[in-house]
Amino acid sequence: MDEREFEVLLEDYLPEEKKSGDVVEGVITRKELDYGFLDLNAKKEGRIYAHEVQDFEIGDKIEVKVLREDDDNIIVSKFMLDKAKELASFNVDDIVTGEISRKIKGGYTVKIGKNEAFLPFSLARFEKDKDYTGQKFKFLIREKNKSNITISRSDLIKLEEEKYFESVNIGDIVTGKVKEVFDFGIILDLGAASGFIHISEVSWEQVDNLTEKYKKGDEISAKIIEKDAEKNRLKLSIKQLSEDPWINFAENHNVGDVVEAVVKDVLDFGIVATVDGNSGFVHISELAWHNGAKELKNYKEGDKFSAKIIQIENEKKNVKLSVKQLSENPWNTVKEKYHIGDIIEKPITEVFDFGLLISLEKDIDGLLHVSDLSYKRESNLTSKYKAGDLIKFKIVDFNDEKNRITLSAKALLDDRWEVLEETYDFDNTFTGKVMNVQDYGIFVELEKGIEVFIHRNEFSWDKREHKKYKVGDEVEFKVIIVDKLDKKLSGSIKQLEKSPWKEATEQCKKGNVINTEIVEIQENFVLVKLTDRFNGIVPKRELSEEFLKDISEKFSIGDKVQAVITDINEKRKSIALSVKKVKEQEEKKELDELMKVYGV
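Since the model is a prediction, treat every value here as computed from it, not as a measurement.

Asker: Explain the overall build of the protein chain to me, please; I cannot follow it from the model alone.
Answerer: Of regular secondary structure, the protein chain possesses 10 helices and 35 strands. Over its C-alpha atoms the protein chain spans a radius of gyration of 42 Å, topping by over 25% the 25 Å that the globule rule assigns to 600 residues. Projected onto its principal axes, the C-alpha positions of the protein chain cover 150 × 65 × 55 Å. Across the 600 residues in the protein chain, those meeting the buried criterion constitute 37%. A fraction of 56% describes how many contacts in the protein chain between residues 6 or more apart in sequence connect residues 24 or more apart. Per element, the accessible surface of the protein chain, about 37,500 Å² overall, is 46% carbon and sulfur.

Asker: Explain the pairing of strand S2 (residues 35-39) here, please?
Answerer: Two elements, strand S1 (residues 23-31) and S2, share 4 bridges in a ladder whose sense is antiparallel. Across the sheet, Val27 pairs through a bridge with Asp39, a residue of S2. Between the end of S1 and the start of S2, which pair antiparallel, lie 3 residues. Bridge count between S2 and strand S3 (residues 45-49): 4 bridges; the pairing is antiparallel.

Asker: Help me understand the pattern of salt bridges in this model?
Answerer: When the charged atoms of two side chains with opposite charge come close together, those side chains can pair. Counting across every chain of the model gives 23 salt bridges. With a shortest N-O distance of 3.7 Å, Glu546 and Lys554 are connected by a salt bridge. Lys554 gets classed as partly exposed once you look at its relative accessible area, which sits at 41%. Residues joined by salt bridges that share partners form a network here, namely Arg30, Glu32 and Glu45.

Asker: Whenever I open this one, unusual backbone geometry confuses me. Can you help?
Answerer: Negative phi is the rule for most residues except glycine; trans is the rule for most peptide bonds. Look at Asn41: it is not a glycine, yet its phi comes out positive at around 60°. In this fold, Asn41 is placed in the loop between S2 and S3. In this model, Asp93 sits at a positive phi of 80°, which is unusual for a non-glycine residue. Relative to the helices and strands, Asp93 resides in the loop between helix H2 (78-89) and strand S6 (95-104).

Asker: What should I look at first to understand a negative patch on the surface in this one?
Answerer: Residues Glu545, Glu584, Glu586, Glu587 and Glu590 make up a contiguous surface patch of negative charge. On the secondary structure map, Glu587 appears in helix H10 (residues 580-598).

Asker: It is not clear to me how the UniProt feature "domain: S1 motif" (unreviewed entry) in the protein chain should be interpreted in this structure. Could you clarify?
Answerer: UniProt records the feature "domain: S1 motif" (unreviewed entry) at residues 21-79, 93-154, 171-239, 256-324, 341-410, 427-494 and 511-580, using the numbering of this structure. From the first C-alpha to the last, residues 93-154 spans 13 Å; its make-up is 2% helix and 56% strand.

Asker: Please clarify how the sheet that holds S3 should be interpreted in this entry.
Answerer: Backbone-to-backbone hydrogen bonds join strands into a sheet, with any given pair of strands oriented parallel or antiparallel. With mixed pairing, the 5 strands of this closed barrel are ordered in space as S1-S2-S3-S5-S4. Going across the sheet, the axis of each strand differs from the next one's by a mean of 55°, ignoring polarity.

Asker: Can you walk me through the pairing of strand S26 (residues 430-438) in this structure?
Answerer: In this sheet, strand S29 (residues 474-483) lies alongside S26 in antiparallel orientation, the contact comprising 4 bridges. Bridge assignment links Phe430 to a residue of S29, and that residue is Phe477. Looking at chain direction, S26 and strand S27 (residues 441-447) are connected through 5 bridges and run antiparallel. Each bridged residue has a counterpart across the sheet, and for Gln438 the counterpart in S27 is Gly441. Here S26 folds back onto S27 in antiparallel fashion, the turn holding 2 residues.

Asker: Looking at this structure, how should I read helix H5 (residues 245-252)?
Answerer: The α-helix advances 3.6 residues per turn, and as a result positions three or four apart in sequence lie on the same side. Residues Pro245, Trp246 and Phe249 constitute the buried set of H5. The arc that holds the buried residues of H5, viewed along the axis, is 95°, so those residues lie on one side. On its buried side, H5 packs onto strand S17 (270-275), strand S18 (278-283), strand S19 (304-313) and strand S20 (318-322).

Asker: Teacher, can you tell me more about the environment of Leu368 here?
Answerer: Of note, Leu368 is situated in strand S23 (residues 364-369). Leu368 gets classed as buried once you look at its relative accessible area, which sits at 0%. For the pair Leu368 and Ile391, spaced 23 residues apart in the sequence, the C-alpha separation amounts to 10.0 Å. When near neighbours in sequence (up to four residues on either side) are disregarded, Leu368 contacts Gly355, Leu356, Leu373, Ile391, Phe393, Leu407, Ser408 and Ala409.

Asker: I would appreciate a short explanation of a nonpolar patch on the surface in the present structure.
Answerer: Residues Leu67, Phe79 and Met80 make up a contiguous nonpolar surface patch of about 220 Å² in total accessible area. Of note, Leu67 is situated in strand S4 (residues 61-69).

Asker: Just to check I follow, could you spell out the environment of Ser359 for this structure?
Answerer: Looking at where Ser359 falls in the secondary structure, it is placed in strand S22 (residues 355-361). The contacts of Ser359, once residues within four sequence positions are left out, are Lys346, Pro347, Thr349, Ile364 and Asp365.

Asker: Looking at this structure, how should I read the packing of aromatic side chains?
Answerer: Any aromatic ring pair is given by two values, namely how distant the centres are and how the planes are angled relative to each other. Taken as a whole and judged by the stated rule, the model has 20 aromatic pairs. Seen from their ring centres, Phe184 and Phe196 are 6.0 Å apart, and the 45° between their planes marks the pair as tilted. Taken as a pair, Phe184 in the loop between strand S11 (173-181) and strand S12 (185-189) and Phe196 in strand S13 (residues 194-198) lie far apart in primary sequence, 12 residues in all. Residue Phe196 is classed as partly exposed on the basis of its relative accessible area, which comes to 24%. Ring geometry for Phe426 against Phe430: centres 5.9 Å apart, planes inclined by 50°, an arrangement best described as tilted. A residue is classified by how much of its surface remains accessible, and Phe426, at 14% relative accessible area, is buried. Taken together, the ring pairs in this structure connect Tyr108, Phe121, Phe126, Tyr132, Phe137 and Phe139 into an aromatic cluster.

Asker: Could you clarify how one ought to interpret helix H3 (residues 154-167) in this entry?
Answerer: For H3, with 14 residues, the first-to-last C-alpha span of 20 Å sits near the 20 Å given by 1.5 Å per residue. Of all the residues in H3, the buried ones are Ser154, Leu156, Ile157, Tyr164 and Phe165. Around the axis of H3, the buried residues are gathered within 165° of arc, so they sit on the same side. The exposed residues of H3 that point more than 90 degrees off its buried face are Lys163 and Glu166. Its buried side turned inward, H3 meets S6, strand S9 (136-144), strand S10 (149-152), S11, strand S14 (219-228) and strand S15 (233-237).

Asker: I'm lost on the side chain of Lys392 in this one. Help?
Answerer: The topology assignment puts Lys392 in strand S24 (residues 390-399). There is no salt bridge for the buried Lys392, and the closest opposite charge comes from Glu345, which lies 5.0 Å off by N-O distance. There is a polar contact of 2.4 Å between the side chain of Lys392 and the backbone oxygen of Thr423.

How each quantity is defined
- Residues numbered from 1 in each chain as written.
- Predicted model: local features only at pLDDT ≥ 70, side-chain atom pairs only at ≥ 80, totals over all residues.
- Heavy atoms only, no water.
- Helix = DSSP H or I, 4+ residues; strand = E, 2+ residues; numbered from the N terminus.
- Rg over C-alpha atoms; globule rule 2.2 N^0.38 Å.
- Buried < 20%, exposed > 50% of the residue type's maximum accessible area, 1.4 Å probe, protein only.
- Contact = heavy atoms within 4.5 Å.
- Areas by Shrake-Rupley, 256 points an atom, 1.4 Å probe, with all protein chains shown as cover.
- Pairing = 2+ DSSP bridges.
- Salt bridge = Lys/Arg side-chain N within 4 Å of Asp/Glu carboxyl O.
- Patch = residues over 30% accessible without salt bridge, like charges linked within 9 Å, V, L, I, M, F, W, Y side chains within 5 Å.
- Lys, Arg positive; Asp, Glu negative; His and termini not counted.
- Charge placed at Lys NZ, Arg CZ, Asp CG, Glu CD.
- UniProt positions renumbered as here; feature names shortened; annotations may be inferred.
- Axes fitted to C-alpha atoms, helices over the stretch in contact; angles between N-to-C directions.
- Arc of directions from axis to C-beta.
- Phe/Tyr/Trp six-rings, centres within 6.5 Å; stacked < 30°, edge-to-face > 60°.
- Expected span 1.5 Å × (residues − 1).
- Polar contact = N/O pair within 3.5 Å; in protein donor to acceptor, adjacent residues only side chain to side chain.

Right, here's the structure in full:
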């Protein structure tokens, strides 16, 4: 071997020199408090800050970047290498997330991963005099060279606005937060864009003060009613999320109908009211047959009252009402309206030692004398009765001279069954004591001498539940059958609560996608839980797109599934669902979304 060949061979075994900027691989040889050291296959050891290798072990190989060389070591950095790699990975128009580090001349320094970027004021879209230090935002990379990045928030907002406007259409329902509330409308922040709701589009009812109804930060849903793509403006409507109440009102009401109204405002000349969300008005002359001004003082904002429709104004979307026309003029028709033997329930007007004064009509009183209150002797009436208490009685005589009607409560005891439905509101819930228990049901006392029979089938909606009662038990129930001919009452305990079917159909609607679990598996179907008391059915063919020979091979009791309601059968009291159609709906939704963006 000659001398030249030996030098070449020697160069292959000698450590190579490391230059600043080189990317080299080293093996960690030791770790000290401040520094770590690496074998770089060079004449000197590599030195690196300890925190850069804190997650590595001695013997691990890592790539580092050569920074410089001192007398003892080659100074290297993994952080600087990672930073350079990260910078190289960024491209113009990339969307990145960064944290505002500090405010500098002309803009902000923004921390993006291991690198720093420059955000000019003109591209920040930030409020003046507000400190954004430490806050994170998304940005668009606008420019990039070997060492610097310029980012823009304005361009990203504009891009997101354009994408948002392409994705929404007139008729879409959007949700946002209130950004500003003005006298004339609301600005809604939709995230990528803003929308405006004029005061006239807030409610079908007149809205006088938006600031009382809404405040900044409130979340609101609204429908897009106008889209200006050139100016990127959206006009929204809250009221159009629901049908104009006037349409339904005008279609279903006529002059002469009696409606429920709510007082909106009390004026000197009448009452402004709302009827099923529509405007209504009762003139003072229509409040009472006598002294309407006095009657007006009895109304206040929010009061509910019944009234008769006397005029429907379609153009103004207003209805004129009358309270007094709910009854005939009492002075002229009292004897036509009331007859001896009539049974009535009215509030007590005044309590005296000799009896109770009852107001039957405006300015027409009836006297319920103490001797006619009960077959038992009554005394100290003021301790037993008070004004406003409801009391039932029978008309027994008329006093033409004093315009008073003589009344009797004890007369009701003679024909209690004849007036039972007037005595009790059978829509209410009753409580009674069990008087008799049989295998087929129980008898419960409604009042002395009157019992209600409750068949055992009416104990519970769940036939597997076996309720037992004994004599003396207090039970709550509803009266479901009143047989006056045979003087029999039938009751129900289970109808105190909704039936499982009604509860299920109120919660479950056709087309709803629900998360549920399998509670029972049969050969050709599974049952899934819809409510605590009602299960839905998923046929075998609707469980999976693939053929199932045996349901139990793929599904087990307790499995969580997502299914869509496909049928609600009132006659069979059944609700059918499909698991496989959920995926079909999702695929269709994805296709629809793509078609909105790319479809022609």
